[in-house]
Every structure is written in C-alpha cells, then in structure tokens.
Protein chains: 2
Amino acid sequence: MTAFDDLMRFERDTGALAQIAGRLGWDQETMMPGGAGEQRSEEMAALEGVLHARRTDPRVGDWLAAVDPATLDEEGRAQIRHIRRSFERASRVPGALAADLARLTSRAHRIWAEARADDNFAAFAPVLAEVVALKRAEGQALAQGGTAYDALLDDYEPGTTAADLAQMFGALRPRLVALRQAILDRPAPRPLEGTFDEAAQLRLSQLLAETFGYDMTRGRIDKAVHPFSSGSGDDVRITTRTSPLDPFNCAYSTIHEVGHAAYEQAIRPGYRFTPLGQGVSMGVHESQSRIYENQLGRSRAFCGWLHGRMTEGFGDLGLDAEAFYAAVNRVQNNYIRTESDEVQYNLHVLLRFDLEQALIAGDLDVVDLEEAWNARFAADFGFAVDRPSNGVLQDVHWSAGLFGYFPTYTLGNVYAGCLLQALRQAVPDLETQLVQGDLRAATGWLREAVQQHGGLYTPREVITRACGAAPTEAPLLDYLEEKFGRLYGL
Amino acid sequence: MTAFDDLMRFERDTGALAQIAGRLGWDQETMMPGGAGEQRSEEMAALEGVLHARRTDPRVGDWLAAVDPATLDEEGRAQIRHIRRSFERASRVPGALAADLARLTSRAHRIWAEARADDNFAAFAPVLAEVVALKRAEGQALAQGGTAYDALLDDYEPGTTAADLAQMFGALRPRLVALRQAILDRPAPRPLEGTFDEAAQLRLSQLLAETFGYDMTRGRIDKAVHPFSSGSGDDVRITTRTSPLDPFNCAYSTIHEVGHAAYEQAIRPGYRFTPLGQGVSMGVHESQSRIYENQLGRSRAFCGWLHGRMTEGFGDLGLDAEAFYAAVNRVQNNYIRTESDEVQYNLHVLLRFDLEQALIAGDLDVVDLEEAWNARFAADFGFAVDRPSNGVLQDVHWSAGLFGYFPTYTLGNVYAGCLLQALRQAVPDLETQLVQGDLRAATGWLREAVQQHGGLYTPREVITRACGAAPTEAPLLDYLEEKFGRLYGL
C-alpha cells in the first residue's frame, strides 16, 4: 500500500460518511417525523463532528507530504489537487471559529425565519451583522493574500474571482435591464388558468424525469416544501412540489432538479466517494439544471411536446401550443428571485452579488442593507419593494452564512448559454428531436462533455473543453435577446 | 469536566451515530432505490468502521479506569455497568475475527437465500459450518470461563444462561405439546375469508397503532417485506405489510411492532443516545411486542372491538364476534415459526434453542442438522417436514451469525405471561377497557412499570420489579391452557 492508496481509502470512507449526511438531510425534508427535529440535530452534529475530524486529520497532511504527484496519472493528480485544497482550507479556519459559525448560523436561521414572517428587517439585522463579521473573519483566515470575499467564493466556485464575475455581470446588467423594460412595454401573454389535479402533476413529473434521462433505478422523487436534489452515484434523489393553480411549478422544478441529479448520476462510477465523484462546482451544477430547465425545457420545440402531454394529463388547457409557449415564458414584474423568469432572474442575482461583496468588504453596514437593497431594486426593476419579505428578507442564504453562493446561479446561466451554443453544433437536428420530446442526444452530449468528468477538471476547464472556447456571457445574452425578442415581437 | 462527563459525551455521540446506522437500515428496507444496494453497503461499512473504532477506543478504557462508580448515582452506575460490559466484550474479540465474521455472514446470507429458494440444505451446509466455527470461536473469546453459547446468548439477554432457559423451556415443552395435540383433536374453527382492500388495511394499521399508544409525531408507518421497528427516542419507525387474503397479518404485525416502538418511545428522554436509552434486552423487548400483540391484541375483549372496526372498514366479515375471536386464534398444523400461533410458536423456538446449543458446543455437526431438525419437528408436531424451506432453511438467523437470539423470543413470551398477571392486578377492569378498545391504562402501566426504565435495571430485575416476583414460565402456561382450553372446549 502506498501513501496514495492509504489516502484514497481514507477519503472514500469520508466521502461515504458525507453521503450518509446527505441521506439524513433528505430524510429530514421528506420522511422524518415532525417531533424528531431536536434529536436529529444531535445526530447530525455527531456525524459532522466525525466528518470535521477526518477533514482535518493530521494523517491527511502526512499522506499528502508523502505522495509525489508526478508519479500519478491525470486522475490521481486531480484527486491530490482536491484533497490538498480541502485540507488546507479546513486547516486554516480555527476550530473555534468554525464552531462559532455553526452555532451562530443555526440561531440566525431561526431569527431570519421569524423576521421574514413578521416583515421586520430590524429584528434580523443584529444577528446578520454577527454572521457577516464571522464570515469576514473566515474569509480572511482563508484568503492567503487575496480578498476575503474571493476566499469565500472559492468554496462554491474554485478558481473564479469576484473580478472575473464583475466583468461578466457588468456586461449582462445593462442589456438585461433594457430587455426587461422592452418586454414589459409589450402586452402580456395570457397565463395558463385552471386547477390541476395533484396526482396528474406527479405523473407528469415522473414522465419528465425519465424523459430527461433521470435513472429511476438509482433515484426517487418525493414531495418537499423546497425542491432539491441530493446524493451521489447510485443514490441521487430529487424532490418536487405541486401547486393546484400552477402545474408549471411542479414540471419545471422537476426538470431543474433532474439536471442536478443527472449530473451526479453520470459521473464515472470509479470516482465514487472520492473528490472527483461529485459535481465540480455550484456554477457547473447550476449550468446543468438550467440548461435542462430553460434552454431545453422552455424551448419552443419542447413546449410543443409538453403541451401535448399536459393536454393528455389535464384535459384542454385553453391555450394552443404557441400561446402555451408564451405562458411558459411569461415575463412579469416580480419581487422574488425564485419565482422569476429567465430574463429577470439574473438581475435578482446581480443585486445580491454586489451587496454581499460590499458587506464582506465592510463597505456596507448591515444597518444600511435594506435601504441599499431597495434602491438597487428600484433602479433595475423600475418599481419599489413593498415589504422586506419581498425584498431583503426573501432568501435564506445569508442567514445560513452562504456568502459567495448567489453569483454561482448566474454563472450557471452563463455556462448554460455557452453549452447550448456547443450543443446545437454537436446535435444539428436538436429542434426536431425536442419537438418529439426526445432528449436522448442532448442529455447524452451533456453527459459525455460535462457530467461524466465530475471533479477531474476545474470548473472553467470543463466548460472550455465542452465548448471549445472559454466561457463568456455573450451566448447567454444573444440567446435571451433572440428568444424573448421573438416571443414579444421586439 | 470529570472523566464520567467526558465518557458520557463520547458515548452519546456514539449512540447518535448508531441511531444514524439504524436510520440507514430503515431507508434500505423502505425507500432506497433498487440500484443503490452496493453503494449503500460501502456507506454502511464506513459507518460501522467509525462505530467499531469508537467502541474499542482506548480512551474508553482510560475513562472507565478513572471513574469511581461509588461517586455516582444509580443511573450513573448503570451507565458505567453497560459501558464497561460493552467495552470489555468488544475488546475481547480479536479485530480479525470480527472482520472475518462480517465478511462470512454477508456471504452466508446470500448463499442461504439461494439455498432456500432451491430447497437445498446441502448448498448451505458448508458455509453454515464456517459460521458455526467462527461463532464458536467468538463465544470462546468472550466466555471468560463459561460456555461459548452462554457468552453469545449474553449479547441478546445479558445475565441469562442457557441453564436458566433450559429449566423454563423444559417445563414448557411437554405441556405445550399436549395442549397442541388436544387442540388439533378438536374441530377447526372457521377462518376469515374474502379479499381485503389494501388502503383499508393501512387505515386500520394506523388506527391500531394510535390505539396502542404509538406516538405518530415521533414515528411513522411504512410498508416493508418484513415488518420491523427501528430507532430510538423521538424517531422510532415501524413497518407493516399487507396481504389481500389475510388482513390479520397487517393488523397484528402492526400491533407487534408498536409494542417494540412504544418501548423505545417511552424511555426517559434524559437517557437519549446513552446505554440506558434503549430497550434492555431482546427478551424484554419481545415481552412488550408480545403482550401488545397477544395477551392484549388477541384477547376476547379486544377482538370484540376489533371485529367492529374491521366490519366498518371492510364490510360484513361473515363471522360474528365470537367466531372472529376463534379465527384470530386459530391453531393449525404449520411448518413456519413466523406464521405460527401462540401455542405452537414456542415449540418452534425450543427446537432451535436445543439445536443451536448443540451446534456451538460441537455436539451436533452441521451435516447432521437437517436430520436432527426433522426428527425433533416430527416428535413435537406429529408430522414430517416436507422440504428444507419449510424446515431447517426457513429462518435467516443462523446465516447472519445470530446464535443465542432465538430463545429470547420465548423468553419474551414468558415475561409477557408474568406481566399480564401483574397488569390484571394493577388494572382490575382491564377487560371492560379492552372491550371499548381503550388501551390507555394497560399501555400506561407497561410504560411506567417496564418501558420508561430503558437500561436502568437488568432484564431480570425490570421484570421482577414490575411483577413483584421473579419470572417463571407458569403464568404463560396457565394463560395458554386457560385461553385455548376455553376456545377449543378442552
């Protein structure tokens, strides 16, 4: 046994334990009895304690020192790169700070939920200020010369800096603001109306999951308040939700989560439980969920097929296929990021990205956050936030200490724009296939070009290899302007 | 922090991790995608590795040496007693033997399943011989001067020896054989006939669970091939199964598992995740499931109430309440322990107890086991085993290395007999309450007298305290002869 073998055996066991933590998280959201919450917290804490001890185990440092990467193949070198990075990051954060953050964010999450229910930002501000201070300290501990925010961002999107994002996002913002305004100056399309049977929605969810290549022998679909995907390898589960008035919620939540799940299911089996055995970054993960949901699932071609299936499932929808497509892609004024459309979604994200950078840098005080949010919102969206639950209190992320996470949503959209361009070249009759509800070539190409590699390449590398060029925001902007220009007669 | 505090903190985390292992086991039987089996084995192995390392962690020995039990209260002393016993047992078994046993029983279980499907004992015998040899070695490593079998039995029923059991079981056997024969000489009662809607069976299951005091806010009911109860404290889940021709299977499986689950739910909350925070032995556990299922659930009084509920749920059953009671308690020739009735069940167990003792002692070779089984079966049941799947291959236990487990089933019945006697004194109008389907006083008494204590007392102590006298087989025999004598007009 070499040091590398010992290290990989240790990492695989750690990965298996992390997968167990994911299974508990799934259970908590889907199956766990309501009265088991406090006990479950203790169970999770015990498991997190084991995981933390393994991630900072001094033997990992010894093994890393004993391994000469030059003796390894490409996969081995990539494993060492991930393990070294994780070990160094875990070792740089003092244990007391990590423990303080865990306790604080648990408390902040509860306070945020109450403040949102009460529409009272002032009730949340003090604890948020504490979270910002600790996250700044964490970022500084990790930074090694760079900025604290970049160090936090690196957790979700390794190798990408705020400067990289600011360049892309700076190009996106004016054209998206202009596109949004032009759309809203046009007459609104008719929405889908009616009430829609839950069992039929769940049958459609199942059909869509299989259509988009979700392997149900290695996954399952359940209902949850907030849809999510969890797990890796041969056990990747998704959840969806139903709304009697809006069957698109269930359908597109399912397709979105299938994008995440299909990525995890497609990673080479030999990578199981190793650092290569999971999606490489939040941005690349989101690129898969978004291209499944939007570029494919909300395309005119696929909407024609979906219109047929929904008519079969629910009866006459009162909209022909063209009007159905317009309803699927309806752009309306809205406050809430998660309820937004393809055009406005990124404006919601850009707002958060700028504000959270300023918070971590100390350029914006938490006491001024609500005002800064509302001013920026009015500037980009042209109307005022009416209450904090529709504004600064709407998202869970900051209460959970997730700073640097928001921009990966838009980065995923940028990547999805690039991937669609490459996919159209690789599958010239994509439209014809989508019309028939045949996603096999499209998802097969994504599987080959992106998903199978897991963590083998860096996020930027995997997109560059798949697309033949480094990612830029241009394809996404062109795609949005072309699609919505045609839809709204601009 | 004292050594005792450190030790208890460590034990609580170990207990929390063990609860997680239980949750994974539940998931595997109820929710896990079919294709995830191999991956799940690796997850479980990683977690078992963590648990094994903690159970044999040298710090536990150091803490135990540093604690003076005389400084502790009754609960603290009981904790130390359990921890010392587990640590010493874990430390006595060589790591290589434990690992060999884990691998061997995994293989033996697969071979047993195939052999049973093929009705071919010869295909199972070689690997069973290996299991017997390793279990004998394990028993000898644990024995400390006693017999290997007693050392194995002690895992399931601490403090009870084969000699104790042999005395009880020796008194049971002739009277049960005689009772069985007398019953089968009488005309058989009419069985329940028809087909029974699955949804209505599951509604009844839910009603029965709540009626018997299962706290659904801290539990849930799902379907599984083999009913079981798992978990502790605030998250104790049960499973049941349905059979379209036999609604009693679902109903009494549910009540049985509720007995186990109610025990775990009733243990003092302060014992959570500690050695006191779980049922004290398999025998005491089985006493709860059995008294719920049989002494209460199959009583004439409760069957009257159940007859009403089943008539509501399924329509006219074609049997009046008296005939329904006779059908619930029908005694028939049968080969299979798990399908047996109250009278014959213990004969099935006694047979296994005698054979497995002989196997471990080396007085019986595995090659002669099938013949020995069939001879004993014919002697006690009066007819011949027709094929191995109806005989020596019917149970999973031996393939899994569970030697010393079978007798705890009958010990549970013996304890249940004693507890019924005490319960009747404590709740004089028990019959009246059962007629009304009111189990609150009965289950409340069991909760107070037995369940809440968890591991505070030894198994024998907890039964003795509850009943006011040491347990003997006499109350069970009297109960069976009285109940079935009346039912069959003996």
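If you check an unreviewed UniProt entry, chain A appears there as Metal-dependent carboxypeptidase from Salipiger marinus. Regarding chain A, the relevant UniProt record gives this comment under Catalytic activity (unreviewed entry): "Release of a C-terminal amino acid with broad specificity, except for -Pro." What UniProt states about chain A under its Function (unreviewed entry) heading is, verbatim, "Broad specificity carboxypetidase that releases amino acids sequentially from the C-terminus, including neutral, aromatic, polar and basic residues."

Caption draft 1: Quick look at the relation of the copies chain B and chain A. Take chain B, turn it by 180 degrees, move it 0.0 Å along the axis, and it overlays chain A with an RMSD of 0.0 Å. Here the copies are linked by what is in effect a two-fold axis. Interface overlap between copies is the fraction of interface residues in one copy that are interface residues in the other; for chain B against chain A it reaches 97%, indicating a shared surface.

Caption draft 2: Region of interest: helix H10 (residues 247-266) of chain B. Residue and element names in this part refer to chain B. If you check H10, its first and last C-alpha atoms are 28 Å apart, about what 20 residues at 1.5 Å a residue would give, namely 28 Å. Counted residue by residue, H10 has 19 buried out of 20 residues, so it is predominantly covered. For H10, the N-terminal cap is Asp246; the gap from its side-chain oxygen to the backbone nitrogen of Phe248 is 3.0 Å.

Caption draft 3: Fine view of the sheet that holds strand S1 (residues 221-223) of chain A. Residues and elements named next belong to chain A. With mixed pairing, three strands are arranged side by side in an open sheet as S1-S3-S2. Pairing within the sheet leaves two strands with one partner each, and these edge strands are S1 and strand S2 (229-232). Each adjacent strand pair in this sheet contributes to an overall mean axis angle of 20 degrees, direction not counted. Relative to strand S3 (residues 235-240), S1 runs parallel, the two being bridged by three bridges. Looking at S3, one finds that Ile221 is bridged to Ile238.

Caption draft 4: Molecular detail of the pattern of salt bridges. Under the criterion given, the structure shown has 74 salt bridges over all chains. Between Asp154(A) and Arg85(A) there is a salt bridge; the shortest N-O distance is 3.1 Å. Of this pair, Asp154(A) sits in helix H7 (residues 148-156) while Arg85(A) sits in helix H4 (residues 74-92), and the two are 69 residues apart along the sequence. Owing to a relative accessible area of 18%, Asp154(A) belongs among the buried residues under this scheme. Residue Glu286(A) is joined to Arg290(A) by a salt bridge in which the shortest nitrogen-to-oxygen separation is 3.3 Å. A residue pair is termed a helical-turn pair when its members lie 3 or 4 positions apart in one helix, as Glu286(A) and Arg290(A) do in helix H11 (residues 282-296) at four residues. One connected set of salt bridges, linked through shared partners, spans Arg23(A), Asp235(A), Arg237(A), Asp27(B), Arg40(B) and Glu43(B).

Caption draft 5: The arrangement of unusual backbone geometry in detail. Residues and elements named next belong to chain A. The backbone of Asp119 sits at a positive phi, close to 50 degrees, despite the residue not being glycine. Along the chain, Asp119 falls in the loop between helix H5 (95-118) and helix H6 (121-143). Residue Asp119 is classed as partly exposed on the basis of its relative accessible area, which comes to 26%.

Caption draft 6: Quick look at a negative patch on the surface. A cluster of acidic residues, Asp73(A), Glu74(A), Glu75(A) and Glu461(A), forms a negative patch on the protein surface. Mapped onto the elements of the fold, Glu461(A) is located in helix H19 (residues 459-467).

Caption draft 7: Region of interest: the UniProt feature "active site" (unreviewed entry) in chain A. Residues and elements named next belong to chain A. According to UniProt, the "active site" (unreviewed entry) feature falls on Glu257. Classification of Glu257 by relative accessible area gives buried; the value is 8%. If near-sequence neighbours (up to four positions away) are discounted, Glu257 is found in contact with Pro227, Phe228, Ser229, Ile238 and Thr239.

Caption draft 8: Region of interest: the UniProt feature "binding site: Zn(2+)" (unreviewed entry) in chain A. All names here are of chain A. Under the UniProt annotation, the feature "binding site: Zn(2+)" (unreviewed entry) is placed at His256, His260 and Glu286. These annotated residues cover 31 residues of sequence, and their C-alpha atoms all fall within 8.7 Å of one another, placing them together at a single site. Among the secondary structure elements, His260 is positioned in helix H10 (residues 247-266). Under the relative-accessibility criterion, His260 is labelled buried at 13%. Take Glu286: its relative accessible area is 6%, and that puts it in the buried class. Glu286 has contacts with His256, His260, Thr408, Tyr409 and Gly412, leaving out every residue within four places of it along the chain.

Caption draft 9: Broad picture of the interface of chain B and chain A. Listed by partner, the interface residues are 37 residues for chain B and 36 residues for chain A. Both faces combined, the contact of chain B with chain A buries some 2,700 Å², and carbon together with sulfur accounts for 58% of it. Ranking the residues of chain B by area buried against chain A places Ile20(B), Pro33(B) and Gln39(B) at the top, with a combined share of 21%. Between chain B and chain A we count eight salt bridges in total. Across the pair Asp27(A) and Arg237(B) runs a salt bridge whose closest N-O atoms are separated by 2.7 Å. Linking chain B to chain A there are 16 residue pairs in polar contact (both at pLDDT 80 or more). Looking at the side of chain B that touches chain A, the elements with two or more residues in it are helix H1 (3-30), helix H2 (37-55) and strand S3 (235-240) of chain B.

Caption draft 10: Looking closely at the environment of Ala469(A). Residues and elements named next belong to chain A. With respect to the secondary-structure elements, Ala469 resides in the loop between H19 and helix H20 (474-487). When the C-alpha positions of Ala469 and Leu364 are compared, they lie 37 Å apart, and in sequence the two are 105 residues distant. Beyond its immediate sequence surroundings of up to four residues, Ala469 is in contact with Ile463 and Thr464.

Caption draft 11: Region of interest: the side chain of Glu11(B). Residues and elements named next belong to chain B. Structurally, the position occupied by Glu11 is in helix H1. Buried within the structure, Glu11 lacks any salt-bridge partner; its nearest side chain of opposite charge belongs to Arg55, at an N-O separation of 7.4 Å. What Glu11 contacts, discounting residues up to four positions off in sequence, is Val60, Ile83, Phe273 and Pro275.

Caption draft 12: Spotlight on helix H19 (residues 459-467) of chain B. Residues and elements named next belong to chain B. The set of residues buried in H19 consists of Pro459, Val462, Ile463 and Ala466. Within H19, the buried residues cover an arc of 95 degrees as seen down the axis, which keeps them to one side. Contacts from the buried residues of H19 go to helix H11 (282-296), helix H16 (406-426) and helix H18 (440-449). One or two residues past the end of H19 sits Gly468, with phi positive at roughly 80 degrees.

Caption draft 13: Local environment of the sheet that holds strand S1 (residues 221-223) of chain B. Residues and elements named next belong to chain B. Taken in spatial order, the three strands line up as S1-S3-S2 in an open sheet, and their pairing is mixed. Of all strands in the sheet, those bounded by a partner on one side alone are S1 and strand S2 (229-232). This sheet shows a mean twist of 20 degrees between the axes of neighbouring strands, independent of strand direction. The sheet contact formed by S2 and S3 spans four bridges and is antiparallel. Across the sheet, Ser229 pairs through a bridge with Ile238, a residue of S3.

Caption draft 14: Layout of the packing of aromatic side chains. All told, the structure shown has 42 aromatic pairs over all chains when counted by the stated rule. Relative to Phe314(A), the ring of Phe196(A) has its centre 5.3 Å away and its plane inclined at 90 degrees; by these criteria the two rings are edge-to-face. You can see Phe196(A) sitting in the loop between helix H8 (162-184) and helix H9 (198-211) and its partner Phe314(A) sitting in helix H12 (residues 300-314), a full 118 residues away along the chain. Relative accessible area serves as the criterion here: at 8%, Phe196(A) is assigned to the buried category. Plain terms: the ring middles of Tyr345(B) and Tyr409(B) are 6.3 Å apart, the flat faces sit at 85 degrees to each other, and that makes the pair edge-to-face. Of this pair, Tyr345(B) sits in helix H14 (residues 342-361) while Tyr409(B) is found in helix H16, placing the two residues 64 residues apart along the sequence. The same class applies to Tyr345(B) as to Tyr409(B), namely buried. Three or more aromatic residues joined by ring pairs make a cluster, and in this case those are Tyr156(A), Tyr345(A), Trp373(A), Trp398(A), Phe403(A), Tyr405(A), Phe406(A) and Tyr409(A).

Caption draft 15: View of the packing of helix H8 (residues 162-184) of chain B against H14(B). Residues and elements named next belong to chain B. The geometry of H8 relative to H14 is characterised by a closest axis approach of 9 Å and an angle of 140 degrees between their N-to-C directions. In terms of axis orientation, H8 runs oblique to H14. For the pair H8 and H14, the sense of crossing is left-handed. For the pair formed by H8 and H14, the contact residues are Ala162, Leu165, Ala166, Phe169, Leu172, Arg173, Leu176, Val177, Leu179, Arg180, Ile183 and Leu184 on the first element and Val343, Gln344, Asn346, Leu347, Leu350, Phe353 and Gln357 on the second.

About the cut-offs
Residues numbered from 1 in each chain as written. Chains lettered and ligands numbered in written order. Predicted model: local features only at pLDDT ≥ 70, side-chain atom pairs only at ≥ 80, totals over all residues. Heavy atoms only, no water. UniProt positions renumbered as here; feature names shortened; annotations may be inferred. Least-squares fit on C-alpha atoms with pLDDT ≥ 70 in both. Contact = heavy atoms within 4.5 Å. Helix = DSSP H or I, 4+ residues; strand = E, 2+ residues; numbered from the N terminus. Expected span 1.5 Å × (residues − 1). Buried < 20%, exposed > 50% of the residue type's maximum accessible area, 1.4 Å probe, protein only. Polar contact = N/O pair within 3.5 Å; in protein donor to acceptor, adjacent residues only side chain to side chain. Pairing = 2+ DSSP bridges. Axes fitted to C-alpha atoms, helices over the stretch in contact; angles between N-to-C directions. Salt bridge = Lys/Arg side-chain N within 4 Å of Asp/Glu carboxyl O. Patch = residues over 30% accessible without salt bridge, like charges linked within 9 Å, V, L, I, M, F, W, Y side chains within 5 Å. Areas by Shrake-Rupley, 256 points an atom, 1.4 Å probe, with all protein chains shown as cover. Lys, Arg positive; Asp, Glu negative; His and termini not counted. Charge placed at Lys NZ, Arg CZ, Asp CG, Glu CD. Buried area = accessible area lost by both parts, 1.4 Å probe. Arc of directions from axis to C-beta. Phe/Tyr/Trp six-rings, centres within 6.5 Å; stacked < 30°, edge-to-face > 60°. Parallel < 35°, antiparallel > 145°, perpendicular 65-115°, else oblique. Left-handed = near helix turned anticlockwise from the far one by under 90°.

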